[in-house]
Amino acid sequence: METGLSCVGRFWSLLSFVAASAASIGFFMPFWLEGIIRHNDKDYDTHLGVFRRCNYLIQVTDTVIKTAIIRECGRYTTFWDIPSVWWQVATVTAGVGCGLSILVAFSAILCCCVHDSMSRNLARMAGIVQLLSGFLIAAGCISFAIGWNSMEVKVACGPSAHSFNHGSCRISWAFFMTIGGGATLFLCSGLSFFAAKRKGGYQRVAPKDRKCRTEM
């Protein structure tokens, strides 16, 4: 079936889906930064993401204020509970970037199944959106690193942690997956310029077809 996509366009559609999936999964997972928290003379592994975390301390008020450890993964209760303004920025920018990349990816996959649905202008517009998505995801990752000076990071990574220095913690796989997905979106943006066979606006009618139509 003629879809309007070139061979490069079909590869672009598949790569767009892979890039959007990788960036979105990495963004959602809390495994961006891995450290250790100490509670009641025991060490626990902890994981931090831009808006989710695993194995974290909370304050419990009984007769006195004390801390307890929650050994599960979950998001912060509200957006404003995210411990750093920079992580709040990262949540918004990377989230919007992932959302836009998913929109383009599913549109590109749909064009593989719909007759004559892709034009060069449309593909280039999709590429521009992917370029914007890549920049937003990159900005989110940078904002996350700037926010390493928050108190929650210092508890998990030691007092030496500050912006662009994760102290005793280590960067985990979800952070790299998000970066990899965002970087692949830049490649997809370039491929989009070669994704379509026709310019769009109208399709040229071959001279032979014109003659037949005139005779009819």
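Caption draft 1: Structural context of the pattern of salt bridges. Taken as a whole, this structure holds three salt bridges when the rule is applied. Here glutamate 152 and arginine 53 are joined by a salt bridge, their closest N and O atoms 3.1 Å apart. Here glutamate 152 is found in helix α4 (residues 151-157), whereas its partner arginine 53 is found in strand β3 (residues 52-61), with 99 residues between them in sequence. The buried category is assigned to arginine 53, whose relative accessible area is 13%.

Caption draft 2: Quick peek at the state of the cysteines. Going through the model one piece at a time under the given rule, you end up with two disulfides. Cysteine 54 shares a disulfide with cysteine 73; S-S distance 1.7 Å. Its torsion about the S-S bond being 105°, the disulfide of cysteine 54 and cysteine 73 is classed as right-handed. Note that cysteine 54 is positioned in strand β3 and cysteine 73 in strand β4 (residues 65-75), a separation of 19 residues in sequence.

Caption draft 3: Main features of the nonpolar core. Among the nonpolar cores identified, the biggest contains 43 residues, and Trp12, Trp32, Leu33, Trp87, Phe144 and Val153 are the most heavily contacted of them. Those elements that provide at least two residues to this core are α1 (7-28), β1 (33-39), β2 (42-48), α2 (85-111), α3 (120-146), α4 and α5 (173-191). Of the residues forming this core, the biggest block, seven residues, is contributed by α2. In this view, valine 153 contacts Leu33, Leu48, Trp87, Gly147, Trp148, Gly158 and Ala161; residues no more than four positions away in its chain are not counted.

Caption draft 4: Here's a closer look at the packing of aromatic side chains. On inspection of all chains with the given rule, the structure shows 12 aromatic pairs. Ring geometry for phenylalanine 17 against phenylalanine 106: centres 6.0 Å apart, planes inclined by 85°, an arrangement best described as edge-to-face. Placement of phenylalanine 17 in helix α1 and of phenylalanine 106 in helix α2 is noted, with a sequence separation of 89 residues between them. Arginine 52 extends its terminal NZ or CZ atom over the ring of phenylalanine 28, reaching a point 4.4 Å from the ring centre. The ring of tyrosine 56 has arginine 53 lying over it, and the distance from NZ or CZ to the ring centre is 3.9 Å.

Caption draft 5: Spotlight on a nonpolar patch on the surface. Where nonpolar side chains cluster on the molecular surface, the patch consists of Leu14, Phe17, Val18, Ile102, Phe106 and Ile109 and spans about 520 Å² of accessible area. Mapped onto the nonpolar patch, the elements with two or more residues apiece are α1 and α2. Of the residues examined, phenylalanine 106 reaches a relative accessible area of 51% and is grouped as exposed.

Caption draft 6: Expanded view of the side chain of serine 172. Its location among the elements puts serine 172 in the loop between β5 (170-171) and α5. Residues in contact with serine 172, not counting those within four places in the same chain, are Phe31, Trp32, Leu33 and Glu34.

Caption draft 7: Here's a closer look at the environment of serine 133. Within the element layout of this structure, serine 133 appears in helix α3. Judged by relative accessible area, serine 133 falls into the buried class, the value being 0%. Dropping the residues within four chain positions of it, serine 133 is found in contact with Gly97, Leu100, Ser101 and Leu185.

Caption draft 8: Representation of unusual backbone geometry within the structure. Positive phi, normally seen in glycine, also occurs at asparagine 55, with a value near 55°. Mapped onto the secondary structure, asparagine 55 falls in strand β3. On the basis of relative accessible area, asparagine 55 is assigned to the buried category, the value being 17%. Positioned with a positive phi, phenylalanine 164 is a non-glycine residue whose angle comes to about 65°. You can see phenylalanine 164 is positioned in the loop between α4 and β5.

Rules used in this analysis
Residues numbered from 1 in each chain as written. Predicted model: local features only at pLDDT ≥ 70, side-chain atom pairs only at ≥ 80, totals over all residues. Heavy atoms only, no water. Salt bridge = Lys/Arg side-chain N within 4 Å of Asp/Glu carboxyl O. Helix = DSSP H or I, 4+ residues; strand = E, 2+ residues; numbered from the N terminus. Buried < 20%, exposed > 50% of the residue type's maximum accessible area, 1.4 Å probe, protein only. Disulfide = S-S within 2.5 Å. Core = buried A, V, L, I, M, F, W, Y, C linked by side-chain atoms within 4.5 Å. Contact = heavy atoms within 4.5 Å. Phe/Tyr/Trp six-rings, centres within 6.5 Å; stacked < 30°, edge-to-face > 60°. Lys NZ or Arg CZ within 6 Å of the ring centre and 35° of its normal. Patch = residues over 30% accessible without salt bridge, like charges linked within 9 Å, V, L, I, M, F, W, Y side chains within 5 Å. Areas by Shrake-Rupley, 256 points an atom, 1.4 Å probe, with all protein chains shown as cover.

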